[in-house]
Amino acid sequence: MAYKTINPYTNELLKTYPNTTDAELEQALASGHQLYQQWRTAAPSTRAATLHQLATLMRTEKHQLATVLTTEMGKLIGEAEAEVELCADIADYFADHGADLLAPTPLTTGAGKAYFAKQAVGILVMVEPWNFPYYQIMRVFAPNYMVGNPMILKHASNTPSSAAAFADVVTRAGAPAGSLTNLFISYDQVSATIADKRVAGVALTGSERGGAAVAQEAGANLKKSTMELGGNDAFIILDDADWDLVKTVAPQARLFNNGQVCSASKRFIVMADKYEDFLAYMKAEFAKAKPGDPLDPTTTLAPMNSARAKQKLQKQVDAAIAAGANVYAGNHPIDLPGQFFEPTILTDITKDNPAFDEEMFGPVAAVYKVHSEAEAIALANDSSYGLGSTVFSQDANRADRVAQQLEAGMTTINRAWITAPELPFGGVKHSGYGRELCELGLNAFVNEHLILNASEH
């Protein structure tokens with residue numbers, strides 16, 4: 001596997017990284033296991049200061065760290081800076097709350113005095129994607145640093161500079177060796193690492209295909225895993241929606257991070273009487289996207305993260321059209337050297353169209369017409385995925401009732417999807433299992449150790 005930094009705006013190869021040797025992998029495992037043994041007898045509160053220092057460094061160096069993201073995977077510089085800020089917030093959150101959330105939980109029983117302790121389990125393997133190169137790491141790193149689980153990181157092959165930058169700032173924050181070891185390993189080495197007896201679990205964010213492969217390895221070795229995979233999220237606009245609010249939210253709900261978000265809204269489900277108006281509005285808004293240098297704050301359309309990603313998305317759009325989908329807007333080449341993809345709107349996608357039940361990871365919106373609330377819910381749930389969803393209605397009780405009927409791990413009402421340290425992230429069906437962030441993410445890899453003293457009551 002070649003780990004390379006290629007600027008998707010200029011197509012320039014900036015840096016190549018050597019693959020990790022088996023000896024280097026063994027050293028990382030030995031270092032991580034030694035640290036785990038030390039951390040087992042240290043209170044979580046002793047690790048909080050390092051996370052706070054990490055947050056401070058990330059805020060202080062926000063622009064420099066963001067520039068690494070933008071140069072490597074094309075993210076708009078403003079969005080990149082927001083990602084760095086979010087990572088700092090996550091670090092602070094778990095530093096502030098981790099120790100309390102990990103406190104022993106008393107149990108009521110007639111058998112004696114009982115409680116369960118939340119204890120570390122050992123080294124975790126992190127397999128992370130390129131679309132949010134820092135945020136994806138921090139979602140796992142911050143809570144598990146407080147728990148006391150050392151981590152080995154295998155990042156995407158096209159974001160090695162981001163992985164190296166994150167690992168560097170963790171070290172400079174004062175984290176001991178072995179806390180987070182970034183390795184440029186192959187998939188065969190990932191398998192060997194998961195099988196190693198010093199490794200307790202694996203956390204993956206990525207594609208359905210990648211998740212299935214890693215989950216199989218974890219299962220074969222009886223290792224716990226969490227899988228945060230793709231999504232084909234529904235954006236439901238009910239007949240009593242606030243249309244001024246819908247218009248404010250809908251375009252960016254699809255175009256944020258150039259549409260390269262697993263939990264972005266991808267299927268817009270609109271009532272028949274508003275369908276044509278919604279299409280016209282989205283077309284006009286998509287046409288305003290300004291392609292250019294993502295380091296320029298005036299640019300509003302970034303390049304795709306790589307030539308490969310652009311080619312894949314184009315093949316998906318072509319296949320959708322061949323199967324009968326209509327191009328309402330977009331799908332024209334952009335005359336710039338970078339990996340740009342014109343924001344595109346597809347309609348008339350029937351159930352036998354491959355686009356009906358696949359994730360398009362880029363600036364492509366699918367718009368569907370429905371005639372009732374029940375039809376909207378049925379369409380939203382007619383998907384292999386179940387990550388996020390969005391409901392717009394001015395009736396709070398109605399919106400809540402609809403939200404509870406959706407087969408999704410996350411639903412937002414009257415706003416686009418949001419992530420925050422205190423909110424759990426994760427999905428159902430082919431979108432994966434397990435949760436990150438919040439107390440649920442903190443507990444993803446802990447040993448709930450029952451302690452029962454029959455002599456005390």
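Structure's up top.
Here's a quick rundown of the structure. Since we're looking at a predicted model, the values are computed, not measured. (Residues numbered from 1 in each chain as written. Predicted model: local features only at pLDDT ≥ 70, side-chain atom pairs only at ≥ 80, totals over all residues. Heavy atoms only, no water.)

**Here we look at the nonpolar core**
Piece 1. By size, the foremost hydrophobic cluster in this structure holds 61 residues, and its most contacted members are Met58, Met138 and Phe141.
Piece 2. Put simply, the parts of the chain that give this core at least two residues each are helix H1 (22–39), helix H2 (48–60), helix H3 (62–73), helix H4 (77–101), strand E5 (123–127), helix H5 (135–147), strand E6 (151–154) and helix H6 (160–172).
Piece 3. Take this core: its biggest share by element is 12 residues, from H4.
Piece 4. Each residue touching methionine 58, except ones within four places of it in the same chain, is listed here: Leu65, Val84, Cys87, Ala88, Met138, Phe166 and Val169.
Piece 5. Membership of the second largest hydrophobic core comes to 29 residues, among which are Ala234, Met271, Met304 and Ile377. (Core = buried A, V, L, I, M, F, W, Y, C linked by side-chain atoms within 4.5 Å. Buried < 20%, exposed > 50% of the residue type's maximum accessible area, 1.4 Å probe, protein only. Helix = DSSP H or I, 4+ residues; strand = E, 2+ residues; numbered from the N terminus. Contact = heavy atoms within 4.5 Å.)

**Considering the side chain of serine 179**
Piece 1. Along the chain, serine 179 falls in the loop between H6 and strand E7 (180–182).
Piece 2. Within the structure, the side chain of serine 179 is placed 2.6 Å from the backbone oxygen of proline 176, a separation counted as a polar contact. (Polar contact = N/O pair within 3.5 Å; in protein donor to acceptor, adjacent residues only side chain to side chain.)

**Concerning the layout of surface pockets**
Piece 1. Of the volumes computed, that of the largest pocket is approximately 1600 Å³.
Piece 2. What lines the largest pocket is a set of 49 residues, and nearest its centre among them are Trp130, Tyr187, Ser207, Arg308 and Lys312.
Piece 3. At the level of elements, strand E1 (3–7), helix H7 (187–195), strand E8 (199–205), helix H8 (208–220) and helix H11 (307–322) are the ones that each hand at least two residues to the lining of the largest pocket.
Piece 4. Of the residues assigned to the lining of the largest pocket, the class counts are 21 nonpolar, 16 polar and 12 charged.
Piece 5. Space inside the second largest pocket adds up to approximately 350 Å³.
Piece 6. The wall of the second largest pocket is formed by 17 residues, among which Phe132, Phe256, Trp417, Ile418 and Thr419 lie closest to the centre.
Piece 7. For the lining of the second largest pocket, the secondary-structure elements that each account for two or more residues are H4 and helix H9 (243–255).
Piece 8. Sort the elements by how many residues they give to the lining of the second largest pocket and H4 lands first, with 4 residues. (1 Å grid on protein atoms, 1.4 Å probe; cavity = no way out; pocket = protein on both sides within 12 Å on 5 of 7 lines; lining within 4 Å. Points joined across faces, edges and corners; volume = space filled by probe spheres on them. Nonpolar A, V, L, I, M, F, W, Y, C, P; charged D, E, K, R; others polar.)

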